Amino acid sequence: MKRWLPILVLLLAAGWLASSLRPQKNPGAQDLAAFGRLPVLVNGRLKPLDTVARTSLLVMQGRQRVSDPANPGPLVATPAEWLADVLFNPAKADTYPTFRIDSPDLLTLMGITEGDTRISYDSAAKRMMALVGFLPSSRSRFTFKQLEPKLAELDRQAQLAEPTEVQLRTPFQKAVIQLRDRVLLYQRLKHSAQTPDSADFLSELVQFQKALPAGVAAVRARQKGEPHDTDAFKAMMTMAGRYDFMDKMGYLLTVPPASDEPNPTAWKSVGHALLEAFEGGSINPNVMAYAALGRAYRDQQPTQFNEIVRLYRDQLAKRFTPQLRKSDIEARFNAAEPFYKSTQLYAIAFLLAIFSWLKWPAVLGRGAFYLTLLAFIATTAGIATRMWLEGRPPVTNLYSSALFVGWGSVGLCLILEKIYRNAIGSVAAGVIGFVTLLIAHHLSLSGDTLEMMRAVLDTNLWLATHVVVITIGYSATYLAGFLALIYIVRGLFTRSLDPATADALTRMVYGIVCFATLFSLVGTVLGGIWADQSWGRFWGWDPKENGALLIVIWNAIILHCRWGGLVKQRGLMCLAVFGNVITSWSWFGTNMLGIGLHSYGFMDAAFWWLLAFVATQVAVIALALLPLEKWRSFRV
Amino acid sequence: MHPVIRQFRDFFVSLKLTVVLLALSSILIFWATLAQVQLGIWGVQEKFFHTLFVLGKIPGTDLPVPVFPGGYFLGGLLLINLLAAHIYRFRLEWKKAGIQLTHLGLILLLLGELVTSLLQVESNMRIEEGGTQHYSESYRINELAILDTTNPGFNEVVAIPEAVLADGGAIQHPKLPFQVRLKDYYPNAALQLREGLPNAAPSLATVGVGPRIAVTPLRLTYKQDERNAPAAHLELVGPQGSLGTWLVSPILSAPQTFDYAGRTWEIALRFKRYYHPFNITLLDFAHDRYPGTEIPKNFSSRIRLKTDDGRGDREVLIFMNNPLRHAGLTFYQASFERGDKVSILQVVRNPGWVVPYVSCIIMGLGLLLQFSIHLVGFIRRRAATT
């Protein structure tokens, strides 16, 4: 029985992963999954509505689920359903708690009292759970309706805060601007398919279409100074103002370019397309399609809704078949959540591997190895899908660098585990895989992670060489550091670090440091060549360049200390742990300075995490310097 | 061997020295990176890297004292250490070939950086759409230019570097029939019309626009997107006495003209100019954005490059990651101004550019060789044990 356990674990986990590839099910009769696959152009990229829904929810409230903590079960089944409500039934969407506010000052500003935030549970058991912290005891997410009365004040406060430089803003100012931006995003979404104040946008458009010929005639006549129908003229001006506002506010470009438009990326907002009706005399059929979709959705007419989605898709397919395919796969990729599932697998693999040091080393160790392998395959598939969607090498921003650092380290761990079979590789893989995916998740809260590349980075050659190689250098340096952590923690606190394991760990760390030196040096040098090719200089002392150089120098120091006999096992481990500090500085710290050519993405919340991480690493080094008699493992 | 010499040798070939130097270098680099927030990229290079010592001031005084070894010091010692160790320990062995190659590449890289730091010149060229430019300007160095514009066909230019001017005293140039005397000088200053500043101290200037302008000294700026604008009051003195005192500053866009000794002159303190044996006409500047966003997709300048000898006349498209290389210079798209009407090209002259390429190839080969030898050995040993 015990022999089959690893295989069983493998099969279960593989089945669980495979189940995520099933097509999405619809909660009701309306085909919201198909709706979520419809492409729109946002932030320069054609993407499915499903992605828009998910990233908007992440930006507004830090998670994709829409729910009220007092009631079990989500308020909408999928992010796409939430977006459909925002676009077509805003009155309902206004009652979903989707705006996260943590700052107490900001809550006061928005007129939210303690009575609004407190959650009262009806059952005594739940109250008990809330008391000990298993259930939330106060709300942190609020509805648009709750915020609405104070929006003018929020806007005023944001305008007061804005002139202050980003780095110098107080926590309150930051919170104000963040909430203002979230509300603005929500308002812009609401203006993307229809005007939110219109009870029935389709009827409004039909009326508009009817009034258009007379209205246009009146406007033309007035321009020539001829007698005209003033009512028709006024009506036209009102509509023009309305649609102009919609064009300015609209977030999604939902209307595909006309068939005679040569530029396939010239998508338009609904407001823009409606303004064009004044010229052309008729309303763009795509605008009508969305309006009809909205009415069918609001009136709960699934047959009609599904039919309009299908027809709209068919009509898009005439010109945008490859884009539709990408859109479909992206929606499927979103639902499969390979990175989220891998996070869980890494955690379980880590636990199994740790337990394998206490009991059943062969069985649990193999189980851990299989789980790590599966998680690695899932992240590989995820990264590959992102590359295909973007048409880019794997690392294009901070988010994808987190994915790739984890991926590289885990890959190396798998090789180590294959060679040494002592579960050390699996433990390291579990920790690094889990942590990097967690970091990636937090980085994804700022918006769509498949961004368009800014002009200077728009080069696949250098992204594929310099960036990839340097990121593998980060992976390896981290891995050496984590292996050293395992050595120190096991040696100091347990009796499990026997001389054979200690020697094996030393060889692993040494080998990985060699690998890290090679990759960080080659990566840094490639960066220099990119700089020379683009800017005519090899080295510019930019913070990120300096960071990369520090990693190279640090790895060189480790190797030279080792070769010169300046350090033995323990010293090597301490140096490798400090490599974690150096790599973290180079990866995140340099971006926090807010200067230089590489300062993409300034993050201040992360600064405290970085400091905390550095502190733990320094503490471990200090512990490792305790005399060997204090170590539990090496006592005779 | 004499014990002192042996000690000396042992010090310079020791691996300990290498490790100490590397550790000091990483502290220097880390410190310099932090300092960049205040000092800017150029300030940091001067203070930390292109110097023997990082200087600090004794608190309360202006006395500079070395507080840390600088880039030249550490780089130089590393170079000596590397060379010494290799000469001393060199053995023609296959097993060591990788390490030796890597270090040879490193020596070259350090030398290359030294050459670059000494010889590299950066300037920029601002061209309006439709305009033609035959010089580029430094953005950190200024010069006093005195032009004899009497001849309509050409100008006779005398350029005096700001640094020489700032030293004070009188400057006599063989081509000038007068002396230039510095009355006062501010490395960075703001200029304002006197009407707006009624309480300003009386001006030293007696001629040109100077008397109408008040000069307010400013702190030196190190921000990357700001430049220092010096101002100076200069008295020109001929054999018959003073010609007057002029206010000069790069902020005053038009040069000031005067007549003396039957000739027409222009005087201006301006950004140092580098004249090129060719000229560049900006045909079109394009700033593409991704649809529906303000995210820049590309910046490009379509230019016409015409050499003075009449042999070169071609159109070139300069865009991101695709600079123009011509006459030992690299022109890359650096910036733009005035609603996409003006393109700014960065002009870099770096005679040592080829060194890093060679050293990279050598180092890459060396590392690859070394780690392959290690890996093969490791696999063999494992195969032998199992």
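Residues numbered from 1 in each chain as written. Chains lettered and ligands numbered in written order. Predicted model: local features only at pLDDT ≥ 70, side-chain atom pairs only at ≥ 80, totals over all residues.

Turning next to the overall build of chain B. When helices and strands are tallied, chain B shows six helices and 18 strands. For chain B, whose C-alpha radius of gyration is 28 Å, the value lies well above the compact-globule estimate of 21 Å for 386 residues. A buried classification covers 25% of the 386 residues belonging to chain B. By sequence separation, contacts in chain B at least 24 residues apart represent 55% of the contacts at least 6 residues apart. (Helix = DSSP H or I, 4+ residues; strand = E, 2+ residues; numbered from the N terminus. Rg over C-alpha atoms; globule rule 2.2 N^0.38 Å. Buried ≥ 20, exposed ≤ 12 C-beta atoms within 10 Å, placed from the backbone. Contact = placed C-beta atoms within 7 Å.)

Helix and strand content of chain A: 25 helices and four strands. Each principal axis of the C-alpha distribution contributes one length, and for chain A these read about 105 × 70 × 50 Å. A burial count over chain A gives 44% of its 636 residues as buried.

Each partner contributes residues to the interface: chain B has 46 residues there, and chain A has 46 residues. For the side of chain B that touches chain A, the elements supplying multiple residues, two or more each, are α2 (15-49), α4 (97-119), β14 (296-307), β17 (329-337), β18 (342-349) and α6 (354-385) of chain B. Counting residues per element, the side of chain B that touches chain A draws most heavily on α2(B), which supplies 18 residues. The residue inventory of the side of chain B that touches chain A, partitioned by class, reads 26 nonpolar, 17 polar and three charged. (Nonpolar A, V, L, I, M, F, W, Y, C, P; charged D, E, K, R; others polar.)

Residues and elements named next belong to chain B. In terms of burial, strand β10 (residues 231-238) is largely enclosed, as six of its eight residues are buried. Sheet topology note: the strand β7 (residues 179-186)/β10 ladder contains seven bridges and is antiparallel. By the bridge assignment for β10, Gln179 is matched with Val237. Pairing geometry for β10 and strand β11 (residues 241-248), over seven bridges, is antiparallel. Along β11, the bridge assignment pairs Val237 with Ser242. Between β10 and β11, which pair antiparallel in sequence order, lie two residues. (Pairing = 2+ DSSP bridges.)

Before going further, it helps to examine the packing of helix α21 (residues 460-493) of chain A against helix α22 (residues 499-535) of chain A. Residues and elements named next belong to chain A. Running from amino to carboxyl end, α21 crosses α22 at an angle of 155 degrees, the nearest separation of the two axes being 7 Å. Taken together, the axes of α21 and α22 lie roughly antiparallel to each other. The way α21 lies across α22 gives a crossing that is left-handed. When grouped by side-chain class, the residues that make up the contact of α21 with α22 number 23 nonpolar, nine polar and no charged. (Axes fitted to C-alpha atoms, helices over the stretch in contact; angles between N-to-C directions. Parallel < 35°, antiparallel > 145°, perpendicular 65-115°, else oblique. Left-handed = near helix turned anticlockwise from the far one by under 90°.)

What follows concerns unusual backbone geometry. Generally, phi is negative for residues other than glycine and the peptide bonds are trans, each holding for most cases. The backbone of A:Trp360 shows a phi angle near 45 degrees, a positive value even though the residue is not glycine. Inspection of the secondary structure assignment puts A:Trp360 in the loop between α17 (338-356) and α18 (361-390). In this structure, B:Asn321 takes a positive phi of about 65 degrees despite not being glycine. Overall, the presence of 18 C-beta atoms within 10 Å leaves B:Asn321 in the partly exposed class.

Between helix α23 (residues 543-563) of chain A and α2(B), the shortest axis-to-axis distance is 9 Å and the interhelical angle comes to 160 degrees. Between α23(A) and α2(B), the interaxial angle falls into the category roughly antiparallel. At the point where α23(A) passes α2(B), the crossing takes the left-handed sense. On α2(B), the residues touching A:Pro543, A:Asn546, A:Leu549, A:Leu550, A:Ile553, A:Trp554, A:Ala556, A:Ile557, A:His560, A:Cys561 and A:Trp563 of α23(A) are B:Leu15, B:Thr18, B:Val19, B:Leu22, B:Ala23, B:Ser25, B:Ser26, B:Ile29, B:Phe30, B:Ala32, B:Thr33 and B:Gln36. Of the residues belonging to the contact of α23(A) with α2(B), the class tally is 16 nonpolar, seven polar and no charged.

Here we take up the pairing of strand β13 (residues 263-289) of chain B. Note on strand geometry: in a regular strand, side chains alternate between the two faces of the sheet. Residues and elements named next belong to chain B. Note that strand β4 (residues 132-148) and β13 share 12 bridges and pair antiparallel. Among the inter-strand pairings, Leu144 is bridged to a residue of β13, identified as Leu269. Hairpin connection between strand β12 (residues 256-260) and β13: a loop of two residues separates the two successive antiparallel strands, and Ala261 in this loop has a positive phi of roughly 50 degrees. As paired elements, β13 and β14 share 11 bridges and run antiparallel to each other. Residue pairing for β14: Phe285 is matched across the bridge by Ser301. A loop of six residues connects β13 with β14, the two strands running antiparallel in sequence, and Gly292 in this loop sits at a positive phi of about 75 degrees.

The next thing to look at is the nonpolar core. Residues and elements named next belong to chain A. Counting 133 residues, the largest nonpolar core has Ala428, Leu479, Leu483, Val509 and Ile512 as the members making the most contacts within it. No other element matches the 17 residues that α21 contributes to this core. Counting residues in hydrophobic clusters, the runner-up holds 63 residues, among them Leu49, Val76, Phe88 and Tyr186. (Core = buried A, V, L, I, M, F, W, Y, C linked by C-beta atoms within 7 Å.)

A few words on α17(A). Residue pairs spaced three or four apart in an α-helix point in one direction, given the helix's 3.6 residues per turn. Residue and element names in this part refer to chain A. Over its 19 residues, α17 runs 26 Å from end to end, which matches the ideal 27 Å to within 8%, given 1.5 Å per residue. Taken as a whole, α17 has its buried residues at Pro338, Phe339, Lys341, Ser342, Thr343, Leu345, Tyr346, Ala349, Phe350, Leu352, Ala353 and Ser356. Check the buried side of α17 and you find it contacts α1 (5-19), α16 (302-336), α18, α19 (398-420) and α20 (424-443). (Expected span 1.5 Å × (residues − 1).)

A few words now on the domain arrangement of chain B. Assigned domains within chain B: domain 1 (3-120 + 354-385), domain 2 (122-132 + 276-349) and domain 3 (141-274). Just the C-alpha atoms count here: the centres of domain 1 of chain B and domain 3 of chain B sit 45 Å apart. (Domains from an automatic or database assignment.)

With that settled, consider the confidence of the model for chain A. Should the pLDDT be low somewhere, the predicted coordinates at that spot are not to be read in detail. Across chain A, pLDDT averages 89, with 97% of residues at or above 70. The model gives residues 597-602 of chain A a pLDDT under 50, and that stretch makes 17 contacts with residues more than four places away or in other chains. (pLDDT = per-residue confidence, 0-100.)

Residue and element names in this part refer to chain A. Secondary-structure assignment places Trp587 in helix α24 (residues 569-592). Judged by the 24 C-beta atoms lying within 10 Å of it, Trp587 falls in the buried class. C-alpha of Trp587 to C-alpha of Ala548: the two residues are 39 residues apart in sequence and 8.4 Å apart in space.

Domain annotation of chain A identifies domain 1 (31-190), domain 2 (201-321) and domain 3 (453-630). For domain 2 of chain A and domain 3 of chain A, the distance between their C-alpha centres works out to 56 Å.

Moving on, we come to the sheet that holds strand β6 (residues 170-172) of chain B. Residues and elements named next belong to chain B. The sheet built from four strands is open, its strands ordered β6-β7-β10-β11 with antiparallel pairing. Either end of the sheet is taken by a strand with one partner, and the two such strands are β6 and β11. Mean inter-strand twist for the sheet, computed between neighbouring axes without regard to direction, equals 25 degrees. Sheet topology note: the β6/β7 ladder contains three bridges and is antiparallel.

In this fold, B:Ser26 is placed in helix α2. Each C-alpha atom, one on B:Ser26 and one on B:Gly168, is 40 Å from the other, the two residues being 142 residues apart in sequence. What B:Ser26 contacts, discounting residues up to four positions off in sequence, is A:Leu550, A:Ile553 and A:Trp554.

Let's shift gears to the environment of A:Gly73. Residues and elements named next belong to chain A. Residue position: Gly73 is located in the loop between α3 (49-61) and α4 (79-88). Classification of Gly73 by C-beta neighbours within 10 Å gives exposed; the count is 7. Each C-alpha atom of the pair Gly73 and Asp94 lies 19 Å from the other, and the pair is 21 residues apart in sequence.

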